[in-house]
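Geometric and topological summary
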Amino acid sequence: MADCLSLCNQSCECVNSVGLPAAIAAEVRSFCSVQENWSSLTDAKKRLYAAQTTVNTKVAKEIEKSRGVHPEVQLWLSQVEETIMDTTLEGEYEKLTISRFNLSRRHKLGKQIMKKLQCVNGLIEEEKQFTDFGIDLPVDVVDLIPVAKTFGMESMLKKLHEYLEDNERCIIGVWGQGGVGKTTLLNVFNNQLRGSDFHVVILIDVSNREMLNVKDIQRAIIDRLGLPWVDTITEDARARSLMNTLAAKRFVILIDDVQKKFPLDKIGIPLPNSENRSKIILTSREQDVCIQMGTQHNLIEMELLDDQASWDLFFSNLTNNAQRSIKSSYSIKRRAEAITKSCQGLPLALNVISCAVAGLKSSNDWRDAMTATKMGLVEIGGVAEQIFKPLKYSYDKLDSTTKKCFLYCTLFPEYSSIKKEQLVEYWIAEGFIPSNQPWKGSLIIIKKLSSARLLQETNSGQKVRLHNIIHHFGQWLAKHESNFLVQSGKNLERAPEIEQWTGPKRISIMSNDIKNISFSPNCSNLETLLLQNNPNLKNLDPTFFKSMKYLKVLDLSNTGIKKLPQCDALCQVQYLNLSHTPITELPRNFSVLKELRYLDLSLTEALKETHDNCSKLLKLRVLNLFRSHYGVRDVSDLNLDRLEGLNFLGITIYTEDVLKKLTETDPLAKSTHRLSLTDCSHMKSIHGTDFNQMVCLQELYIESCPNLSELVMDQDDRGVSKSNLQVLTLWELPNLDTILVKSMPHYFRMLRELTIYECHKLESINWVARLKSLDKLVVSRCKGMVQIISEPEKGAHGIQIRADCISEEEEIQTLVEDAFQIRISENKKKNDEEFLENIEFPKLRSVILSDMKNMVSICSPRIFPSLESIRVQECPNLARLPVNNEHKIIKLRQIRGSSEWWSRLEWDGMETRRQLEKYFIAI
């Protein structure tokens, strides 16, 4: 061996002394200088690692400044990581040093070492050339907002553009009464700035009537800029960071509905000036507020519409028949013009009244409408009175039930959104709509109110809201017509004085900071009492309910109530919500609530005793004990059979026997919508057939079942067709190692949300690829989880691992041919319509992974046609995103993770990186 090495060294000396062609000389030197080159490679790798550390530090600083990583730097980092992690040569070198002298192996290894050494040295030299390590993340200048056709705003828009071009006008104020169109003006102006030379245009709504919501405003600005949101830092620190970021940009910030002066620097908005040529444009109902915000010399009063613009807006909302009637009848046209003039150029009033008269045809109908809109109303709390004339007419056209439902919406805080489901239950309890067809009745009413422009539906379709002027108008009507006391969302620390409780039919003091109510008011007329969302409300006077004998709706959800006062008087209550409270037990005489139809005790984690009262409330239609500490522990406790009207049951079960009994009890099983299986210590297996009778089951929560090892969804097609499960949570199941889900159709065919937490024996969950309706996937603290979907090993697609005796060239050729055939097959499959219909994850929008120390990958690259966000926390070994870079990323707009994780992410191609770079958000 020594003689052979000596011969190699002599050969190298010969090469150095004799002139040979460069290529041949390199071949000989790589063969002869293996040990020397290996030592050089080891040293070079150390220098490269040091360079990588330096670059990573500089990259981290760029990310802290809310900048993206420079593409060339990112490419360099990925190449360095690949180079450092590649340990194949170490094994080959070790074999060479311990085996007999093998000329073929030495020749091959020598070339590889030389090539790797050149690569490492090249990377070291490349790092020295870097001057910029970060880039500004590109943000669209304008976030376009849908705006309906506008009328008569041309002069206002022209004036705004003139002020915008004047470098001396830095803060511009637009003021005018409510409903005059200030918000619409800002929305249109925002869209018109598309293509301007500003870096970014930001539109925010402050609506700071009672207090400034700094956090929400900062989040709106940060999201618009595509900057990182960090929950742990203070508002002041976030403001400083925003200040620095915006100071480096030429921006336009449009601030809508400023009701009180506030310091811009508290948010993080720097003052614009003639040098940075940035602008702030704000709107307010009060001129003084604009002046206080610094717009003394840059004020624009929002003009009412002139006669022609008013008529154009009014006429545009009428039906074709109504328009024809106006064109064909002079008297009708005169009356329509009179109605238009009664709105005095106010766009909101014109919109409301035009919708109210949109279908009128006869001359008499138009005459009655004209007469009604001339009736005067008193001024309401600073809001111009003319707006209420057309609103009153529109309201008067509603039927009595729809009027009551509209007024009920005013019980909620101004600017808040209201869940339709919550409204429906209130309306049922009040008797506004029938309980046998609640959704049909509610949808008809909501449609009527929306058509009258008195109610707005949110984009999600799950909530509704009132325009603030409509809210004022509704509260005025409620106070004078129905006697309401509404102080919701006022940031109150004390309840209204006892004298104010006498007389009102409905009282709402929800969403405040009231801590106790230590008196017993005289409320003989009270039918609705809404106290929810007062988290510090812990005490009510023991006789608080004493005079509330006609109370129908009582909402105490999200309060600190631990014990209910005496309930003897509540014999008419139909709706009671105690969810999310620390209540410990129900009163022993709770069964006096004979009329109770809706009882929500969900997430009452301290509730230990109900004294069997639930089974005595025979009119219950909704009983929700989902994830309550109180649950059914013994078969004998499941005595709800007498509740014949029950159509919604949420329940917590603690033993397998109770589950079997529930499924055997056909009426109860069919009523079960939400089911929590908790601490079922003897349960080892769960099968889909266990839920065959629960045809309405929508949410299943399986928690802390220590011996549960198997979840098998093996229902037959008949059972599957009834499955309606939409939310599944698997929480702290330490022995769960098997989840079997058959091919479609299966029990999880409707599943939208899946959460898996502390299921340590699960190594993968391949079955999630079969969940065609899955919208959100959350996996957290599963120690054994290596991959979400484990991929087939090589050979599964036809690649054969060749024997060692086959030459390297033959093996490479074979692999290339196999890969080519696979690609042809895959392309054919992708172009196949049937394949597209059966694509995995067609609806998945959100993926959240946290505290997964052993996870190395989510899955191999796939098509995610609906994916919008990926969030990764404390997953140190996860280094690749499952996005197939062969397909355009259309909806993925947000990736959250630590800056370190982001900087070391591997990519299938730099194009994918570039597509996603601007959407990165660190946490």
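**Examining the overall build of the protein chain**
In terms of helices and strands, the protein chain carries 29 helices and 32 strands. In the protein chain, which comprises 923 residues, the proportion classed as buried is 50%. A fraction of 64% describes how many contacts in the protein chain between residues 6 or more apart in sequence connect residues 24 or more apart. Accessible surface, the protein chain as shown: approximately 44000 Å² in total, 48% of it carbon and sulfur.

**Description of the packing of helix 14 (residues 320–328) against helix 15 (residues 330–342)**
Between helix 14 and helix 15, whose axes approach to 5 Å, the crossing angle comes to 115°. Taken together, the axes of helix 14 and helix 15 are roughly perpendicular relative to one another. Contact residues: helix 14 offers Ser325, Ile326 and Ser328, while helix 15 offers Tyr330, Ile332, Lys333 and Ala336. For the contact of helix 14 with helix 15, the per-class residue count stands at four nonpolar, two polar and one charged.

**With respect to the sheet that holds strand 24 (residues 710–713)**
Strand order in the open sheet made by the three strands is 22-24-26, with parallel pairing throughout. Edge positions in the sheet fall to strand 22 (685–687) and strand 26 (738–741), since each has one partner strand and no second. The mean angle between the axes of side-by-side strands here comes to 5°, regardless of whether they run parallel or antiparallel. Across three bridges, strand 22 lies against strand 24 in parallel orientation.

**Focus on a negative patch on the surface**
Together, Glu585, Glu609, Asp612, Asp634, Asp637 and Asp657 line one region of the surface with negative charge. Mapped onto the secondary structure, Asp637 falls in the loop between strand 19 (622–624) and strand 20 (648–653).

**A word on the nonpolar core**
If you look at the biggest cluster of nonpolar residues, it comprises 111 residues, and the most contacted ones within it are Ile517, Leu677 and Phe691. In terms of nonpolar packing, the next biggest core, distinct from the first, is built from 47 residues, Leu185, Ala309, Ala322 and Ala336 among them.

**Details of the packing of helix 19 (residues 400–409) against helix 20 (residues 420–430)**
The geometry of helix 19 relative to helix 20 is characterised by a closest axis approach of 11 Å and an angle of 130° between their N-to-C directions. With respect to helix 20, the element helix 19 is oriented oblique. Crossing angle aside, the handedness with which helix 19 passes helix 20 is right-handed. Seen from helix 19, the contacting residues are Cys405, Tyr408 and Cys409; seen from helix 20, they are Leu423, Tyr426, Trp427 and Glu430.

**Remarks on the pairing of strand 25 (residues 727–731)**
Of all the five residues making up strand 25, four are buried; the element is thus mostly covered by neighbouring parts of the structure. Across five bridges, strand 23 (residues 699–703) lies against strand 25 in parallel orientation. What sits directly across from Tyr701, in strand 25, is Thr729. Note that strand 25 and strand 27 (residues 753–757) share five bridges and pair parallel.

**Description of the environment of Ser557**
Counting through the fold element by element, Ser557 comes out in the loop between strand 16 (553–555) and strand 17 (575–577). Distance from Ser557 to Pro582, taken between C-alpha atoms, is 10.0 Å for residues 25 residues apart in sequence. With residues up to four places along the chain from it excluded, the contact list for Ser557 reads Gln532, Asn533, Asn577, Ser579 and Thr581.

**Details of unusual backbone geometry**
Here the phi dihedral of His611 falls at roughly 55°; this positive angle occurs in a residue that is not glycine. Inspection of the secondary structure puts His611 in the loop between strand 18 (598–600) and strand 19. Of the residues examined, His611 reaches a relative accessible area of 16% and is grouped as buried. Although it is not a glycine, Glu758 adopts a positive phi angle of roughly 50°. Looking at Glu758, the relative accessible area reads 16%, which means it is buried.

**Observations concerning the side chain of Asp775**
Looking at the element boundaries, Asp775 is found in the loop between strand 27 and strand 28 (776–780). Under the relative-accessibility criterion, Asp775 is labelled buried at 17%. Here Asp775 is in contact with Arg752, Lys843, Leu844, Arg845 and Ser846, once residues within four sequence places are set aside.

**Focus on the sheet that holds strand 4 (residues 200–205)**
With parallel pairing, the five strands of this open sheet are ordered in space as 4-5-6-3-7. Looking at the sheet topology across the chains shown, the edges are occupied by strand 4 and strand 7 (299–301). Sheet twist, expressed as the average angle between the axes of neighbouring strands with direction ignored, equals 15°. With respect to the sheet, helix 7 (residues 154–165) is in contact with strand 3 (171–175), strand 5 (251–256), strand 6 (279–284) and strand 7, its orientation differing from that of strand 7 by roughly 175°.

**Some points on helix 21 (residues 438–451)**
With 14 residues, helix 21 extends 20 Å from end C-alpha to end C-alpha; this agrees with the ideal 20 Å at 1.5 Å per step. Turning to helix 21, its buried residues are Pro438, Gly441, Ser442, Ile445, Ile446 and Leu449. Each buried residue of helix 21 lies within a common arc of 130° when the element is viewed along its axis, so the set occupies one face. Exposed and facing more than 90 degrees away from the buried side of helix 21 are Lys440 and Lys447. Structurally, helix 21 contributes buried residues whose contacts are with helix 19, helix 20, strand 9 (456–457) and strand 10 (463–465). Of the residues one or two after helix 21, Arg453 is the one with positive phi, at around 60°.

The rules behind each value
- Numbering of residues starts from 1 in every chain and runs along the sequence as written.
- Whole-chain, interface and lining totals are the exception, using all residues; otherwise, since this is a predicted model, local features are given only for residues with pLDDT of at least 70 and side-chain atom pairs are given and counted only at 80 or more.
- Side-chain measures here rest on the full set of heavy atoms in the structure, leaving out hydrogens and waters.
- Secondary structure elements are taken from DSSP: a helix is a run of H or I of four residues or more, a strand is a run of E of two residues or more, and numbering for both begins at the N terminus.
- Between buried and exposed lies partly exposed: a residue is buried under 20% and exposed over 50% of the maximum accessible area for its type, with that area taken using a 1.4 Å probe on protein chains only.
- Pairs of residues are marked as contacts when any of their non-hydrogen atoms sit within 4.5 Å.
- The accessible surface values rely on the Shrake-Rupley method and a 1.4 Å probe; as for residues, cover is taken only from the protein chains in view.
- Only the contacting stretch of a helix is used when fitting its axis, a line to C-alpha atoms as for every element, and angles between N-to-C directions run 0 to 180 degrees.
- The cut-offs work like this: below 35 degrees is roughly parallel, past 145 is roughly antiparallel, 65 to 115 is roughly perpendicular, and the gaps in between are oblique.
- Just so you know the grouping, Ala, Val, Leu, Ile, Met, Phe, Trp, Tyr, Cys and Pro go in nonpolar, Asp, Glu, Lys and Arg go in charged, and all remaining residues, Gly too, go in polar.
- Two strands are counted as paired when DSSP detects at least two bridges linking them.
- For patches, a residue must show more than 30% relative accessible area and have no salt bridge; joins then use 9 Å for like charges and 5 Å for nonpolar side chains, namely Val, Leu, Ile, Met, Phe, Trp and Tyr.
- Only one rule defines a salt bridge in this text: a Lys or Arg side-chain nitrogen within 4 Å of an Asp or Glu carboxyl oxygen.
- Charged-residue counts in this description rest on Lys and Arg as positive and Asp and Glu as negative, His and the chain ends being excluded.
- Charge placement uses NZ in Lys and CZ in Arg. For Asp and Glu, CG and CD serve respectively.
- Grouping buried Ala, Val, Leu, Ile, Met, Phe, Trp, Tyr and Cys residues that are joined through side-chain atoms within 4.5 Å yields what is termed a nonpolar core.
- Two helices that cross are described as forming a left-handed crossing if the nearer one is turned anticlockwise from the farther one by less than a right angle, and a right-handed crossing if clockwise.
- Helix span, as expected, comes to 1.5 Å for every residue beyond the first.
- The directions considered for the arc are those from the helix axis to the C-beta atoms.

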